Amino acid sequence: MTSFDGKEYPCEMLLALASGECNERNHLVDDCNNAVENFFSVPSNEPKKSDNDEIISAVSKTSKHFQSSLLLQEEKDASFGSLSGTLRCIKNLLRWCLQTEFSCEEDVLAETLQSLPILTRYNEVLLITVQREMSTSEETEIPSLQRFATLCLLYSTFNSKERCQYVITELSYLKTSVSLLVKTDHTAVILGTLRLWHSFLVQVPGFRKDISELCIETRPCNTAEKQADWLKNYENYDMTTLQLLSCIAKWYVHGHHLRKEDPRVSEIVHEILRIFYVVKAASQLDQDLIKDLLAAENEFQLGTILMLMDMEPPALLSLANTKDDEGKRLFERVFFPTLERQVSLVVEETIIGSKAASALTPVLVVMQQLCKASQELRKETKEKILLSKESRVRKHCLQCLTWIEPHVKRCMGELLWTLCEESAQEYKLQVGGIGNAWPMMAARGLVQNVPGS
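As the structure is a prediction and not an experimental result, all values here were calculated from the model.

(A) Main features of the packing of aromatic side chains. Within this structure, the stated rule accounts for 3 aromatic pairs. Note on Y173 and F200: the rings are 5.8 Å apart at their centroids and 85 degrees apart in plane angle, and the pair reads as edge-to-face. Placement of the pair is Y173 in helix α10 (residues 173-181) and F200 in helix α11 (residues 187-203), with a sequence separation of 27 residues. A single burial state applies to Y173 and to F200, both of which are buried. Ring geometry for W417 versus Y427: centroids 5.4 Å apart, planes at 70 degrees, classification edge-to-face. Of this pair, W417 sits in helix α23 (residues 406-419) while Y427 sits in helix α24 (residues 424-431), and the two are 10 residues apart along the sequence. For W417, a relative accessible area of 4% gives the class buried. Under the relative-accessibility criterion, Y427 is labelled buried at 0%.

(B) Structural context of the pattern of salt bridges. Evaluated as defined, the whole model comprises 18 salt bridges. With its nearest N and O atoms 3.4 Å apart, the salt bridge here joins E380 to K384. A residue pair is termed a helical-turn pair when its members lie 3 or 4 positions apart in one helix, as E380 and K384 do in helix α21 (residues 375-385) at 4 residues. Taking relative accessible area as the criterion, E380 reaches 16% and is therefore assigned buried. Here E426 makes a salt bridge to K382, at a shortest N to O gap of 2.7 Å. Placement of the pair is E426 in helix α24 and K382 in helix α21, with a sequence separation of 44 residues. E426 sits in the partly exposed class, given a relative accessible area of 22%. The network of salt bridges with shared partners includes R329, E332, E376, E380 and K384.

(C) Main features of the state of the cysteines. A full pass over the atoms with the stated rule returns 0 disulfides. The thiol of C397 is not disulfide-bonded; the next cysteine sulfur, from C400, is found 6.3 Å away.

(D) Up close: the nonpolar core. With 136 residues, the main nonpolar core has Y122, W197, L308 and F335 as its most contacted residues. The biggest single contributor to this core is helix α20 (residues 353-373), with 10 residues.

Cut-offs used in this document
Every chain's residues receive numbers from 1 upward, in the order its sequence appears when written. Local features in a predicted model are, by the rule used here, given only for residues with pLDDT of at least 70; side-chain atom pairs are given and counted only at 80 or more, and totals for whole chains, interfaces and linings are based on all residues. To obtain the side-chain values, all non-hydrogen atoms of the structure were used and water was disregarded. Centre distance within 6.5 Å is the pairing criterion for rings of Phe, Tyr and Trp, where only the six-membered ring of Trp is used; planes under 30 degrees apart are then read as stacked, over 60 as edge-to-face, and the remainder as tilted. Secondary structure follows DSSP: runs of H or I at least 4 residues long count as helices, runs of E at least 2 residues long count as strands, and numbering of each begins at the N terminus. The buried label goes to any residue with under 20% of its type's maximum accessible area, the exposed label to any with over 50%, and the partly exposed label to all in between, with areas taken from a 1.4 Å probe on protein chains only. Salt bridges are defined by distance alone: a side-chain nitrogen of Lys or Arg within 4 Å of a carboxyl oxygen of Asp or Glu. By convention in this document, the label disulfide applies to cysteine sulfur atom pairs within 2.5 Å. Among the buried residues, those of types Ala, Val, Leu, Ile, Met, Phe, Trp, Tyr and Cys that are joined through side-chain atoms within 4.5 Å form a nonpolar core.

Here it is in structure tokens:
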């Protein structure tokens, strides 16, 4: 075993580790880790499912090896470099097992690398990095340690509400991770932390309350204490966790040079928008920041509009009517052009399935809410879509009424129904007859679907 192309990883690494051919600090394992991380970085690469007896045996033996190694390093107070090497291997092994849907009769991972004592160990590593004073040599290893420990928690708790609940409740992970965020500027660490929060939010509904209610106190730090750059404008300020996320997003949205230097910065902003969407807390995100996000054209518009789906109509309407320096409202600068662009994209590219729904549904829902809340916007939108008989946007919208993806069909019908003042006669007239009108009218109980139609 001399090199790795990533295609068989970690099969070769597993077998090598299981046979004692190499260890976590061996350059061959570094080659393995580099290969798998490069492999997973290409979206089109999908590892094949590995369920033969040799691989199952190797996973079992290697998992027990890493479990012992991690606990032994705790007893010996191992160097950060050695600990980082162990966590990196575990992180890649857990990711591979998830993506290949690895399984065996005995759940070896649950008994080893996903066991409660090891979850505790991952969290302890994070605590050490935010609480202990570090030497210069140790500081260089801290970002890697934080990132690998966070991803180990992410992959270990994925699809397991019980393990998520243990990390949240018994290990007080939220407080640990907040302490981490206020001290780090490393994008990979911040992104990993936000993805773990998002995973917890989806799997444990109670975590939404934890994030919404936790308050932190920012204060001037002494010169020896590390502090994140984004926090330096908020000294002596009490904030909630959601306000903390808003501050991070604002720092990165306004730091255009940061996004150019590291593409992951944009993903941090997207992850924050997803968290606000799951928590249903769009109204708690800084309003000026929302305007900046919507003005960022293709980069953040869709993620922001998705988050706005649950904003109260009065607040949403106020936002849409906000004018820029030239007197143009956000509605005409952003919302309607986004509708035109996304409808054209779905129809002209013939996008179907979940991709069509994710590309268009949020825009349709927000537009329908705005038009329902404002007669002025309703009239303006109807003129642009339905009363411009030869317009491309009208043609595309009508095509969506019979689109194969049900969410697109229903949401487009709801928007056009609202534009027609919820009048069945007007709706039939404007959408081109009973054929196009039928799905929406059937949903409203105004006509009966013919069995088998």
